[in-house]
Amino acid sequence: MLIHIGIDDTDSPDGMCTTYLGALLYRELSRIAEPVDLPRLIRLNPNIPYKTRGNGAVVMTFEADEEVISEIKDTVLFYVSQLADFEHENTNPGVVFLEGEVPDELREFSLKALREHVTIEEAEAVARKIGAEYFKFKLGRGVIGSLAAIGYPLEKFTYELLAYREREYWGIPRRVKEESVFLADRWAYPFSYDNVDPYKRSVLITPHGKDPVLVGIRGIDKAKVLQVFEMVEFGEPVAFHQLYKTNQNTDDHLIPKKIGELKLYDSAVVRGKVVGPYWERGRHVFFELEDDTGKIRVAAFEPTKKFRNWVRKLLPGDEIIAAGGVKEHEGILTLNLEKFYPVKLVPKIEYRKPKCPKCGGTMKSKGDYLKCKRCGYRMPKKLIPVEVPRGLEKKIYEVPPDARKHLSRPLVVPGGEDRILEILES
């Protein structure tokens, strides 16, 4: 019989993370039961304010006899009770067990948890209805992610290899030789990506917290991901590593919506016209977007760095497709921009002084008239409208790797260029 195990919300800033616990359990349970596939790392709605780091849940599926299933459940609950950091207020684990096939109703719940806001009560109601067994620790918010991860239809997926540290190294700077990461990235790109930021010359595979993760290596080719890991040189021992299948970098969190339909915590793709000029506040860039159903403020925040330069080139009247998450900023519903695509750009007109009609020289403003700097010819001041290049192309503009959400699909991933248009047309 199949048994699906979902685990979530075990993270804490002081060490423990869900993927570490999941990797330990996968290794332990594989001794007593047959794994059906790799464990899966499922990222859920990135806009939820009380999410854990990356808002990821782990699910694994085993083929097991009835007597072994009981042992599996006991082992999982023991590991969670022993390893989760219950002293931290945001650690509220949940564990879900489902035997047999995954019902369609659970798949629908999973997609809602990915794209919208769901409550613990909704998750419990779904679990009871489909006959799933669930366990809550403290508030038990992890039941939402655990249940959603089991039901997630992982039709599009990528891989992430996570290597973990020996416990005595938790909380101190990670020792990874940067040049080896750049060499490995050059060799494997684009089949493994987001390992480095080539513009900042920084390494992206090492997290910065106190958690057990030493490196995380992503890609669409399982062999390339493993080979990158083998090429990276470490200055500390690697405790163990685990390869996950994941919905990261798929854009599966985005759904097409009208602007008037947007709700807090949605992840969506909208199409509209830019209203008015952009403005800036605290290094953040804002503009308004509207369609026939409403208007919303759009933001490119400071961490998106040079991406803001492309946003600054937008003009009132431009028609664009915008993708991002809906949050509140300064009490206003705001679409946090992840990427955008210019559909139709208005002409950009600049008014310039004409050349001297007598000698072709440069005219200089002198009050209400123009005077040629070369021959002195004078004429009434009349500027000429000239259409100038916009500096934007019909292509997708995306935030840089170190500002990218786990779920956002980089353009380097095959099909990344077409994904927003695909979503909007679906």
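Being a predicted model, the structure only gives us computed values, none of them experimental.

### Quick word on the layout of surface pockets
Estimated volume of the second largest pocket: approximately 700 Å³. In terms of lining residues, the second largest pocket is bounded by 26 residues, among which Tyr199, Glu398, Val399, Pro400 and Pro401 are the most central. Counting residues per element, the ones that place at least two in the lining of the second largest pocket are helix H6 (178–188), strand S9 (196–197), helix H8 (307–312) and strand S24 (397–398). Taken domain by domain, the lining of the second largest pocket gets at least three of its residues from each of domain 2 (158–246) and domain 3 (255–345).

### Focus on the pattern of salt bridges
Per the counting criterion, the structure on display carries 29 salt bridges. One salt bridge connects Arg186 with Glu179, and the closest N-O pair in it is separated by 3.6 Å. According to the relative accessible area criterion, Glu179 is partly exposed, its value standing at 42%. Two residues, Arg404 and Glu398, come together in a salt bridge whose shortest N-O distance is 3.1 Å. A single network of salt bridges, built from pairs that share partners, joins Glu116, Lys257, Lys263 and Asp266.

### Let's talk about a positive patch on the surface
There is a patch of like positive charges on the surface, built from Lys353, Lys364, Lys366, Lys373, Arg378 and Lys381. Mapped onto the secondary structure, Lys381 falls in the loop between strand S22 (378–380) and strand S23 (384–388). With relative accessibility at 41%, the residue Lys381 sits in the partly exposed group.

### So, the domain arrangement of the chain
Often the size quoted for an interface is simply the accessible area lost on bringing the parts together. The domains assigned to the chain are domain 1 (2–151), domain 2 (158–246), domain 3 (255–345) and domain 4 (348–388). Taking only C-alpha atoms into account, the centre of domain 2 sits 59 Å from that of domain 4.

What counts as what
Residues numbered from 1 in each chain as written. Predicted model: local features only at pLDDT ≥ 70, side-chain atom pairs only at ≥ 80, totals over all residues. Heavy atoms only, no water. 1 Å grid on protein atoms, 1.4 Å probe; cavity = no way out; pocket = protein on both sides within 12 Å on 5 of 7 lines; lining within 4 Å. Points joined across faces, edges and corners; volume = space filled by probe spheres on them. Helix = DSSP H or I, 4+ residues; strand = E, 2+ residues; numbered from the N terminus. Domains from an automatic or database assignment. Salt bridge = Lys/Arg side-chain N within 4 Å of Asp/Glu carboxyl O. Buried < 20%, exposed > 50% of the residue type's maximum accessible area, 1.4 Å probe, protein only. Patch = residues over 30% accessible without salt bridge, like charges linked within 9 Å, V, L, I, M, F, W, Y side chains within 5 Å. Areas by Shrake-Rupley, 256 points an atom, 1.4 Å probe, with all protein chains shown as cover. Lys, Arg positive; Asp, Glu negative; His and termini not counted. Charge placed at Lys NZ, Arg CZ, Asp CG, Glu CD.

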